[in-house]
Amino acid sequence: MPSAVTLIRSASLSDVAEYAYAATAPAGARLIYLAGACPLEADGSTAAVGDYAGQAAKSVENLRTALADAGAALQDVISTRVLVASTRQEDLVTAWQVVRDAFGAHDVPSTLMGVTVLGYHDQLVEIEAVAAVLD
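Note that this is a predicted model, so its numbers are computed, not measured.

(A) The packing of helix α1 (residues 52-69) against helix α2 (residues 89-103), seen in detail. It is at 8 Å that the axes of α1 and α2 come closest, and there the two elements cross at 35°. Between α1 and α2 lies a crossing whose hand is right-handed. Taken together, the residues of α2 that come into contact with α1 (itself represented by Tyr52, Ala53, Ala56, Ala57, Val60, Leu63 and Arg64) are Asp91, Thr94, Ala95, Val98, Val99, Ala102 and Phe103. Tallied by class, residues from the contact of α1 with α2 come to eleven nonpolar, one polar and two charged.

What follows is the structure in structure tokens.
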């Protein structure tokens, strides 16, 4: 099935960003707004306590599951927002590298943010996403 998402690169902006600067979906595409994917196990406990990379990996795993349940996959994501509970840029980069690697060549527009605290006990990472599919 053809992708509904078209990534847009800008020759007018820096090429150091590891993501496309914009993305579009055609009229008629079904948009899927996903709640933040958290690093939670099936029993509700927080995975990989204290481990930014481990929590990012679990959040990506849970994002994949939510996407699949909505009839989509990572390749259908049109944008992300990655939230990291830290004031240290290194921690943000650690989480980002896991997310970035999971998306591979489908480098969707993304925002990486350091935040004070997230909603679950011991939670360090959360990934919000919007996807678009052609049914």
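Still more ground to cover, so stick around.
(B) Fine view of the pairing of strand β5 (residues 110-115). With six bridges joining them, strand β4 (residues 77-85) and β5 adopt parallel strand pairing. The residue bridging arginine 81 from the neighbouring strand is threonine 111, located in β5. One crossover worth recording links β4 to the parallel β5 by way of α2, and it is right-handed.

(C) Region of interest: the packing of aromatic side chains. Evaluated as defined, the whole model comprises two aromatic pairs. Between tyrosine 19 and tyrosine 21 the ring centres are 5.9 Å apart and the planes differ by 70°, which places this aromatic pair in the edge-to-face class. Taking the relative accessible area as the measure of exposure, tyrosine 19 reaches 27% and is therefore partly exposed.

(D) Summary view of the pattern of salt bridges. Under the counting rule described, the total for this entry stands at seven salt bridges. Aspartate 107 is the salt-bridge partner of arginine 9, the closest N and O atoms lying 2.8 Å from each other. Taken together, the residues span a long stretch of sequence, with arginine 9 in the loop between β1 (6-8) and β2 (22-24) and aspartate 107 in the loop between α2 and β5 at a distance of 98 residues. Among the ionic pairs, arginine 88 bridges to aspartate 91, the shortest N-O distance being 3.0 Å. Here the residues in one salt-bridge network are Glu41, Lys58 and Glu61, joined through shared partners.

Calculation rules
Residues numbered from 1 in each chain as written. Predicted model: local features only at pLDDT ≥ 70, side-chain atom pairs only at ≥ 80, totals over all residues. Heavy atoms only, no water. Axes fitted to C-alpha atoms, helices over the stretch in contact; angles between N-to-C directions. Helix = DSSP H or I, 4+ residues; strand = E, 2+ residues; numbered from the N terminus. Left-handed = near helix turned anticlockwise from the far one by under 90°. Contact = heavy atoms within 4.5 Å. Nonpolar A, V, L, I, M, F, W, Y, C, P; charged D, E, K, R; others polar. Pairing = 2+ DSSP bridges. Right-handed = clockwise from strand over helix to strand, strands pointing away. Phe/Tyr/Trp six-rings, centres within 6.5 Å; stacked < 30°, edge-to-face > 60°. Buried < 20%, exposed > 50% of the residue type's maximum accessible area, 1.4 Å probe, protein only. Salt bridge = Lys/Arg side-chain N within 4 Å of Asp/Glu carboxyl O.

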